[in-house]
Amino acid sequence: MNFAVVYAIAAFWRTRQLAKRLRTRADVARWQAARLDRFLRHAVARVPYYAGLGARRLADLPIVDKQVLLANFDKFNVKGATYPDVRAALDRGDEKVGDLFIGQSTGTSGNRGVYVISEAERFTWLGVMLAKTLPDVLFARHKVALALPGYNKLYASAAETGRLSLRFFDLALGVDAWRAEIEAYAPDTIVAPPKVLRILAETSRIRPLNVFSGAEVLDPLDRASVEARFGARVREIYMATEGLFGVGCREGTLHLAEDVVAFEFEPGGGDLVSPLVTDFTRTTQIMARYRMNDLLRLSSRGCACGSPLQCVESIEGRHDDVFQLGGFGDALVSVTPDVMRNAVVDADRRILDFRVTQIGVDRVVLTLAHDLPAEAGARAVAALHAALLKVGAVEPRVELRSGIEAPFDRKLRRVRREWRPS
Ligand SMILES: [Zn+2]
């Protein structure tokens, strides 16, 4: 057995104990304050980027984003691994640089997010993840199918440990390539992007009991389809290259992982917020006050499951997909993805999928399924146009296109901004 499995088991038990200990918001605040204090004194102080800062409170640290991180990559990790080192390793097909493991995002652009993590941290992450998703994993057998970008090889060493069987399905190949294999495996638990869950729910014979959606925004359209066919609740896993940020509970509510990450929030437009994350469990590469690109709608309600961890109403897409449309004068009007999504989906109940893309300062393309009746398309165009006018866009033009493509090697972003103000 790999020695690092010990870290997974330790993290598993710690996470389960914490779930019992943290009963109120005050408990969470006290736990975070103690962990952050240690994190700032020890882990943060050890990497060059923060050397000499003497930070005592989180607010003493500067806010950082992906650009800052990539430009100063070696200053954020204890081994001095540089960004070119990491890129060169990835180009060779290596998953390690020195003795550190490399994680990376699935973006298509040249500056994909990357991070380095020790083997112990990798298994700690796995332990936290398992405790939040399959708390009975040590007592009950589970067959888990994992189809997530970038996870094909990462946990191969933990693939058959005790009662847990993990099998990886390669997203890039598409569902057709492994539908028969996953049917034969008959997993009781599946973790996959919502578009893949939906295809499997609609076209395969598997009927998992535990269904987790990760790596992409879970649209209510997909949730409804998957839950109806699988007969199981879809639980969301909010994860990114940068870490694990939230997991849906048995009630189906997404709770932020405040037992391992401290969250701060910046305004994201409308009632949405964008998180700054501080992972106080990681010490190899420091992630502190790191600006995420996601738009969240927080919930002010508690959850019937009893967890005091912050509830998230929905994840509404990415900050850089907020449309910037021409308003009065030279002003640009911001439109968050949820506004456009709701306008389109509410226009006609036959609309089960859509794409909205901004391609110019006043040009928006709406793409709908090729077999959708024309009048439904016309309604959606009118509704989208009206929604854009309502938020202050002047003369937005909405073009209708037909035929939706769903490439598997990329993240699904139903609302997408391709145009940038110069
Ligand atoms: Zn809950």
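Residues numbered from 1 in each chain as written. Predicted model: local features only at pLDDT ≥ 70, side-chain atom pairs only at ≥ 80, totals over all residues.

## Here's the deal with the sheet that holds strand β2 (residues 100-104)
- Sheet architecture is open: three strands sit in the order β1-β2-β3, paired in antiparallel fashion. What marks the edges here is a single partner per strand, and that holds for β1 (96-97) and β3 (114-117).
- Sheet topology note: the β1/β2 ladder contains two bridges and is antiparallel. Note on β2: the bridge partner recorded for Val97 is Leu100. (Pairing = 2+ DSSP bridges. Helix = DSSP H or I, 4+ residues; strand = E, 2+ residues; numbered from the N terminus.)

## A look at the domain arrangement of the chain
- Looking at the assigned domains, one finds that the chain contains domain 1 (5-319) and domain 2 (322-417).
- Each of domain 1 and domain 2 has a C-alpha centre, and these two points are 30 Å apart.
- Tallying the contact residues gives 19 residues for domain 1 and 17 residues for domain 2.
- Sorting elements by how many residues they give to the side of domain 1 that touches domain 2 places strand β16 (residues 311-318) first, with three residues. (Domains from an automatic or database assignment. Contact = placed C-beta atoms within 7 Å.)

## A word on the pairing of strand β7 (residues 189-192)
- Here β7 shows a buried face lined by Thr189 and Val191 and a second buried face lined by Ile190 and Ala192.
- Pairing between strand β4 (residues 142-146) and β7: three bridges, direction parallel. Across the sheet, the residue bridging to Val144 is Thr189, located in β7.
- Of the strand pairs in this sheet, β7 and strand β8 (residues 210-214) are connected by four bridges, and their pairing is parallel. Within the sheet, the bridge partner assigned to Thr189 lies in β8 and is Asn210. (Buried ≥ 20, exposed ≤ 12 C-beta atoms within 10 Å, placed from the backbone.)

## A short note on unusual backbone geometry
- Residue Ala215 is not a glycine yet carries a positive backbone phi of 80°.
- Relative to the helices and strands, Ala215 resides in the loop between β8 and α8 (220-230).
- Its identity is not glycine, yet Arg289 carries a phi of approximately 50°, on the positive side.
- Position of Arg289 relative to the elements: it lies in the loop between β13 (272-279) and β14 (290-291).
- Judged by the 18 C-beta atoms lying within 10 Å of it, Arg289 falls in the partly exposed class.

## Observations regarding the packing of helix α9 (residues 337-347) against helix α10 (residues 374-390)
- Between α9 and α10, the least distance of the axes is 8 Å, while the angle of their chain directions is 150°. As summarised for this structure, α9 and α10 are arranged roughly antiparallel, according to the angle between their axes. You can see that α9 and α10 cross each other, and the crossing is right-handed. Between α9, through Val339, Met340, Ala343, Val344, Asp346 and Ala347, and α10, the contact on the second element is made entirely by Arg379, Ala380, Ala383, Leu384 and Ala387.
- Per-class residue counts for the contact of α9 with α10 are nine nonpolar, no polar and two charged. (Axes fitted to C-alpha atoms, helices over the stretch in contact; angles between N-to-C directions. Parallel < 35°, antiparallel > 145°, perpendicular 65-115°, else oblique. Left-handed = near helix turned anticlockwise from the far one by under 90°. Nonpolar A, V, L, I, M, F, W, Y, C, P; charged D, E, K, R; others polar.)

## What to know about the environment of Ser402
- Tracing the sequence through the fold places Ser402 in strand β21 (residues 397-402).
- Judged by C-beta crowding, with 13 C-beta atoms within 10 Å, Ser402 ranks as partly exposed.
- Sequence spacing of Ser402 and Ser299 is 103 residues, and the spatial spacing of their C-alpha atoms is 36 Å.
- When neighbours within four sequence positions are excluded, Ser402 is seen to be in contact with Leu368 and His370.

## Some points on the sheet that holds β21
- Judged by pairing direction, the sheet is mixed, and its four strands sit side by side in the order β21-β20-β19-β22 without closing on themselves. On the outer flanks of this sheet lie β21 and β22 (415-417), each paired with one strand and no other. Neighbour-to-neighbour, the strand axes of the sheet open up by a mean angle of 20°, direction not taken into account.
- Summarising the sheet, strand β19 (residues 354-360) and strand β20 (residues 363-368) pair through six bridges and their orientation is antiparallel. Bridge pairing links Thr357 to Val365 in β20.
- The strands touched by α9 within the sheet are β19, β20 and β22, with β19 carrying the most contacts at an inclination of about 130°.

## Some points on the packing of helix α1 (residues 5-21) against helix α5 (residues 119-133)
- It is at 7 Å that the axes of α1 and α5 come closest, and there the two elements cross at 40°. Taken together, α1 and α5 sit at an angle that is classed as oblique. As for how α1 packs across α5, the hand of that crossing is right-handed. For the pair α1 and α5, the contacting residues are Val5, Tyr7, Ala8, Ile9, Ala10, Ala11, Phe12, Thr15 and Arg16 in the first and Ala120, Phe123, Thr124, Leu126, Gly127, Val128, Leu130, Ala131 and Lys132 in the second.
- Taken together, the residues of the contact of α1 with α5 sort by class into 13 nonpolar, three polar and two charged.

## Brief notes about the pairing of β3
- The alternating pattern of β3 places Val114 and Val116 and Tyr115 and Ile117 on opposite faces, both of which are buried.
- The pairing of β2 with β3 spans four bridges and is classified as antiparallel. Along β3, the bridge assignment pairs Gln104 with Val114.

## Structural notes on α10
- Over its 17 residues, α10 runs 24 Å from end to end, which matches the ideal 24 Å to within 8%, given 1.5 Å per residue.
- By the burial criterion, the buried members of α10 are Gly377, Ala380, Ala383, Leu384, Ala387 and Leu388. Taken end-on, α10 shows its buried residues confined to a sector of 130°, consistent with a single buried face. In this structure, α10 carries Ala374, Glu375 and Lys390 as exposed residues pointing more than 90 degrees from its buried face. (Expected span 1.5 Å × (residues − 1). Arc of directions from axis to C-beta.)

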